[in-house]
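Letter by letter, the chains look like this.
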Amino acid sequence: AASIELKHVLDSAPGNAEARLAMAETSLALGDAATAEKEVRRALAAGIPPQRVALVQGRAMLALGESADLLRQLNDRALPVPEPEWSVLKADALVTLGALPAAEALYKSALKLSPAHGRATIGLALVSAAHGRESEALASLAGFLHAHPDSADAWLASGEIYARASRYSEARAA
């Protein structure tokens, strides 16, 4: 429903940068990274400051499999993402490229800045599980879920870790 409303706004005001950003965020949330990336470009062309769209742009690049380019832009500070999001986004990109130790360090760094950061907690748990530390990962997620029981991403990560450990009844419960 939100995307339909945004399309109506953009039909009547195609240069509305705020609506373009909202459409990018909505598209990304719905799994349409290509549309999100297009809307980010349109929002920038309509005059929205780059720092307002940088996180959505980075998430879209990650979803489109552009991890190497994302890392380059983050390292060059061409993508003005603030901390702790910068560390989390970079860690997510490193995970996709198989650089788990570097990703783990960045997730930990982000959690020092923001101890309740969802994506950092989930990313660190998944890296821990990939290193065979399933109990540590599940304990971390359980603590996070206790404080944030509505986090679908944390429940999904928990279920994924249980399933990888062949603990299927617990995976279904998660």
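Heads up: these notes are all about the structure in this document. (Residues numbered from 1 in each chain as written. Predicted model: local features only at pLDDT ≥ 70, side-chain atom pairs only at ≥ 80, totals over all residues. Heavy atoms only, no water.)

Let us look at the overall build of the protein chain. Helix and strand counts for the protein chain come out as 11 helices and zero strands. Out of the 174 residues in the protein chain, the part that is buried amounts to 42%. Taking all contacts inside the protein chain whose residues are at least 6 apart in sequence as the whole, residues at least 24 apart take part in 42%. Of the roughly 9,000 Å² of accessible surface on the protein chain, a fraction of 56% belongs to carbon and sulfur atoms. Across the protein chain, the mean location of the 17 positive side-chain charges is 3 Å away from that of the 20 negative side-chain charges. (Helix = DSSP H or I, 4+ residues; strand = E, 2+ residues; numbered from the N terminus. Buried < 20%, exposed > 50% of the residue type's maximum accessible area, 1.4 Å probe, protein only. Contact = heavy atoms within 4.5 Å. Areas by Shrake-Rupley, 256 points an atom, 1.4 Å probe, with all protein chains shown as cover. Lys, Arg positive; Asp, Glu negative; His and termini not counted. Charge placed at Lys NZ, Arg CZ, Asp CG, Glu CD.)

Here we take up helix 6 (residues 85-96). Relative to the 16 Å expected for 12 residues at 1.5 Å per residue, helix 6 spans 17 Å between its end C-alpha atoms, a close match to the ideal helical length. In terms of burial, helix 6 is largely enclosed, as nine of its 12 residues are buried. Of all the residues in helix 6, the buried ones are Trp86, Ser87, Val88, Leu89, Lys90, Ala91, Asp92, Ala93 and Leu94. Following helix 6 by one or two positions, glycine 98 adopts a phi angle in the positive range, close to 85°. (Expected span 1.5 Å × (residues − 1).)

Time to look at the pattern of salt bridges. In this structure the tally under the stated criterion is 13 salt bridges. The salt bridge involving arginine 119 is made with aspartate 92; its shortest N-O contact spans 3.3 Å. Remark: aspartate 92 occurs in helix 6 and arginine 119 occurs in helix 8 (residues 118-130); sequence separation between them is 27 residues. You can call arginine 119 partly exposed: its relative accessible area is 36%. One network of salt bridges, with partners in common, ties together Glu104, Lys108, Arg133 and Glu136. (Salt bridge = Lys/Arg side-chain N within 4 Å of Asp/Glu carboxyl O.)

What follows concerns the packing of helix 8 against helix 9 (residues 134-147). With their axes 7 Å apart at the nearest point, helix 8 and helix 9 run at an angle of 160° to one another. Judged by the angle between their axes, helix 8 and helix 9 are roughly antiparallel. The two elements helix 8 and helix 9 meet at a crossing, and its hand is left-handed. Listed contacts from helix 9 to Gly118, Thr121, Ile122, Ala125, Ser128 and Ala129 of helix 8 are Glu134, Glu136, Ala137, Ser140, Leu141 and Phe144. Among the residues making up the contact of helix 8 with helix 9, the classes are represented as six nonpolar, four polar and two charged. (Axes fitted to C-alpha atoms, helices over the stretch in contact; angles between N-to-C directions. Parallel < 35°, antiparallel > 145°, perpendicular 65-115°, else oblique. Left-handed = near helix turned anticlockwise from the far one by under 90°. Nonpolar A, V, L, I, M, F, W, Y, C, P; charged D, E, K, R; others polar.)

Geometrically, the link from glutamate 83 to proline 84 is a cis peptide bond, its omega value of 0° lying close to zero. In this structure, proline 84 sits in the loop between helix 5 (67-75) and helix 6. With phi around 60°, serine 166 is a residue other than glycine that occupies positive phi space. Relative to the helices and strands, serine 166 is located in the loop between helix 10 (152-164) and helix 11 (168-173).

On to the nonpolar core. Formed by 23 residues in total, the largest nonpolar core has its most connected members in Leu70, Leu74, Leu79, Val81, Leu89, Tyr107 and Ala120. Secondary-structure elements contributing two or more residues to this core are helix 4 (50-63), helix 5, helix 6, helix 7 (100-113) and helix 8. Look past the residues within four positions of valine 81 in its chain and what remains in contact with it is Ala54, Leu55, Leu74, Trp86 and Leu89. Ala137, Leu145, Ala154 and Tyr162 belong to the second largest nonpolar core, which has 13 residues in total. (Core = buried A, V, L, I, M, F, W, Y, C linked by side-chain atoms within 4.5 Å.)

This part is about helix 4. Taking 1.5 Å as the rise per residue, helix 4 with 14 residues should run 20 Å; its terminal C-alpha atoms sit 19 Å apart, in good agreement. Its axis deflected by about 25° at valine 56, helix 4 carries its strongest bend there. Residues Val53, Ala54, Val56, Gln57, Gly58, Arg59, Ala60, Met61 and Leu62 constitute the buried set of helix 4. Buried residues in helix 4 make contact with helix 2 (17-29), helix 3 (33-45), helix 5, helix 6 and helix 8. (Bend = angle between axes of the 7 residues up to and from the residue.)

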